[in-house]
Amino acid sequence: MERVFITNTTTQVVPNQPPTHASVSTDYNGMAVKIACEKIKKRLQPFVDENPMGSWKEWVTTAHENLVSLSATGHYGVEQISYDPVTGKGPATLYCTHGAACSEVEIDCLTGEHQVLRTDIVMDVGRSINPALDIGQIEGAFLQGYGLFVTEELRWSENGELLNCGPGMYNVPRVKHIPREFNVHLLPNSDNPKAVFSSRGIGEPPLFLSSSVFFAIKEAIRAARLEIGLRYTICEGFIHLEGEFVIHYM
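Only a predicted model underlies this, so the values are computations on that prediction, with no experimental measurement involved.

Visitor: Explanation requested: the overall build of the chain in the structure shown.
Guide: Summing up its helical and strand segments, the chain has 4 helices and 3 strands in all. The linear arrangement of helices and strands in the chain, starting from the amino end, is α-α-β-β-α-β-α. In terms of overall size, the chain is more extended than a compact globule, its C-alpha atoms giving a radius of gyration of 25 Å where 250 residues would be expected to give roughly 18 Å. On the principal axes, the C-alpha backbone points of the chain span a range of 85 × 40 × 40 Å. Out of the 250 residues in the chain, the part that is buried amounts to 30%.

Printed below as a string of structure tokens:
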């Protein structure tokens, strides 16, 4: 592994590099790298068979001396998705990524502020290639979703124009919004034959787990009302909360 290094993406090397979006970077690029490595491995196999006790350096040197190409490209295209948008039938993706989250919050009934005391997440990332990176992705997606569900109130004009169209005009998540106790666990021994080394894409899927904070705040409001003798039922039309628990709504 000490002989392997990675350079920046450039069209001088890969002319048709796909964008890194929709959690497909490892799926696409990983499979392409695997295909390229398998090509080189196949070319080296005769020299490995001749000298099974040799080292990687010896096999590569011998192949080079025998004019064997030691470079290869790999191209991977995802298999056809059979989802029919008209009938709503068929798989929409190659596979699914699942997770569960539980959040505990504390609210201040005088100021409308809140604090996330603890969040526990269990995420199915398949057989993680880089657990530290995956956990970082999960934590980041959770905070991004926290902004979506709790702090980032979008305002529109009567003409449908977005009034606060930048982070300087709405409240993005900050350090203080990170749960005081933040536990992320990766589900062990989960296979995924559809991706490289049985991994799973993990960029955006954890974002929706932040809804656990939204519902925790809603339950805290309910508990506070019941504590002082106020009922909290839908039929009484107390409050209709769809998203963005900004302070003035609290």
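Let's pick the thread back up.
Visitor: Would you mind going over the nonpolar core with me for this structure?
Guide: It is characteristic of soluble globular proteins that their nonpolar side chains tend to be buried jointly. If you look at the biggest cluster of nonpolar residues, it comprises 21 residues, and the most contacted ones within it are V105, I121, M123, I138, F142 and V213. Discounting chain neighbours no more than four positions away, the residues touching V213 are S103, V105, V116, F142, Y146 and V150.

Visitor: Would you mind going over the sheet that holds strand β1 (residues 99-107) with me for this structure?
Guide: Consider a sheet: its strands pair through backbone hydrogen bonds, and that pairing is either parallel or antiparallel. Across the sheet, which stays open at both edges, the 3 strands sit in the order β1-β2-β3 with mixed pairing between neighbours. Only two strands of the sheet have a single neighbouring strand rather than two, namely β1 and β3 (181-186). Direction aside, the axes of adjacent strands within the sheet are offset by 10° on average. As defined by bridge partners, strand β2 (residues 114-123) adjoins β3 across 6 bridges and the pair is classed as parallel. Paired with R118 across the two strands is E181, which belongs to β3. Against the sheet, helix α3 (residues 131-151) contacts β1, β2 and β3, and its axis sits at roughly 125° relative to β3.

Visitor: What exactly am I supposed to notice about the packing of α3 against helix α4 (residues 211-227) here?
Guide: When two helices pack together, their arrangement is given by the angle between the helix axes and the distance between those axes. Contact geometry for α3 and α4: axes closest at 8 Å, N-to-C directions at 45°. One element, α3, and the other, α4, form an angle in the oblique class. Counting all contacts with α3, which are made through F142, Y146, F149 and V150, the residues of α4 involved are S211, S212, V213, F214 and I217. For the contact of α3 with α4, a count of residues per class yields 7 nonpolar, 2 polar and no charged.

Visitor: Before we go on, may I ask you to explain the pattern of salt bridges in this structure?
Guide: Working definition: two side chains of opposite charge can pair if their charged atoms are close together. Across all of its chains, the model carries 6 salt bridges by this definition. Residue D120 is joined to R118 by a salt bridge in which the shortest nitrogen-to-oxygen separation is 2.6 Å. In this structure, E181 engages R118 in a salt bridge whose closest nitrogen and oxygen atoms are separated by 3.6 Å. With E181 in strand β3 and R118 in strand β2, the pair connects residues that are 63 residues apart, well separated along the chain.

Visitor: It is not clear to me how the pairing of β1 should be interpreted in this structure. Could you clarify?
Guide: Every other side chain in a regular strand lies on the same face of the sheet, so the side chains alternate between the two faces. Bridging between β1 and β2 involves 9 bridges; their strand directions are antiparallel. The partner of A100 across the bridge, within β2, is V122. In sequence, β1 turns back onto β2 through a hairpin of 6 residues, with G112 there showing a positive phi of about 85°.

Visitor: Which parts of the structure should I look at to understand the environment of N66?
Guide: With respect to the helices and strands, N66 occurs in the loop between α2 (56-65) and β1. The exposure class of N66 is partly exposed, given its relative accessible area of 47%. The spatial distance from the C-alpha of N66 to the C-alpha of F47 is 9.9 Å, given a sequence separation of 19 residues.

Visitor: Quick question: what am I supposed to make of unusual backbone geometry here?
Guide: Among all residues save glycine, negative phi is the norm, and among peptide bonds the norm is trans. At L67, a position not held by glycine, the phi torsion is positive, near 60°. Using a relative accessible area of 77% as the deciding quantity, one classes L67 as exposed. Here the phi dihedral of F197 falls at roughly 55°; this positive angle occurs in a residue that is not glycine. When you line up the elements, F197 lands in the loop between β3 and α4. F197 sits in the exposed class, given a relative accessible area of 59%.

Visitor: Explain the packing of aromatic side chains to me, please; I cannot follow it from the model alone.
Guide: How two aromatic rings sit relative to each other is given by the distance of their centres and the angle of their planes. On inspection of all chains with the given rule, the structure shows 4 aromatic pairs. With 5.6 Å between their ring centres and 70° between their planes, F149 and F208 make a pair best called edge-to-face. Here the residue F149 occupies a position in helix α3, and F208 occupies one in the loop between β3 and α4, the gap between them amounting to 59 residues. The class for F149 is buried, based on a relative accessible area of 15%.

Parameters at a glance
Residues numbered from 1 in each chain as written. Predicted model: local features only at pLDDT ≥ 70, side-chain atom pairs only at ≥ 80, totals over all residues. Heavy atoms only, no water. Helix = DSSP H or I, 4+ residues; strand = E, 2+ residues; numbered from the N terminus. Rg over C-alpha atoms; globule rule 2.2 N^0.38 Å. Buried < 20%, exposed > 50% of the residue type's maximum accessible area, 1.4 Å probe, protein only. Core = buried A, V, L, I, M, F, W, Y, C linked by side-chain atoms within 4.5 Å. Contact = heavy atoms within 4.5 Å. Pairing = 2+ DSSP bridges. Axes fitted to C-alpha atoms, helices over the stretch in contact; angles between N-to-C directions. Parallel < 35°, antiparallel > 145°, perpendicular 65-115°, else oblique. Nonpolar A, V, L, I, M, F, W, Y, C, P; charged D, E, K, R; others polar. Salt bridge = Lys/Arg side-chain N within 4 Å of Asp/Glu carboxyl O. Phe/Tyr/Trp six-rings, centres within 6.5 Å; stacked < 30°, edge-to-face > 60°.

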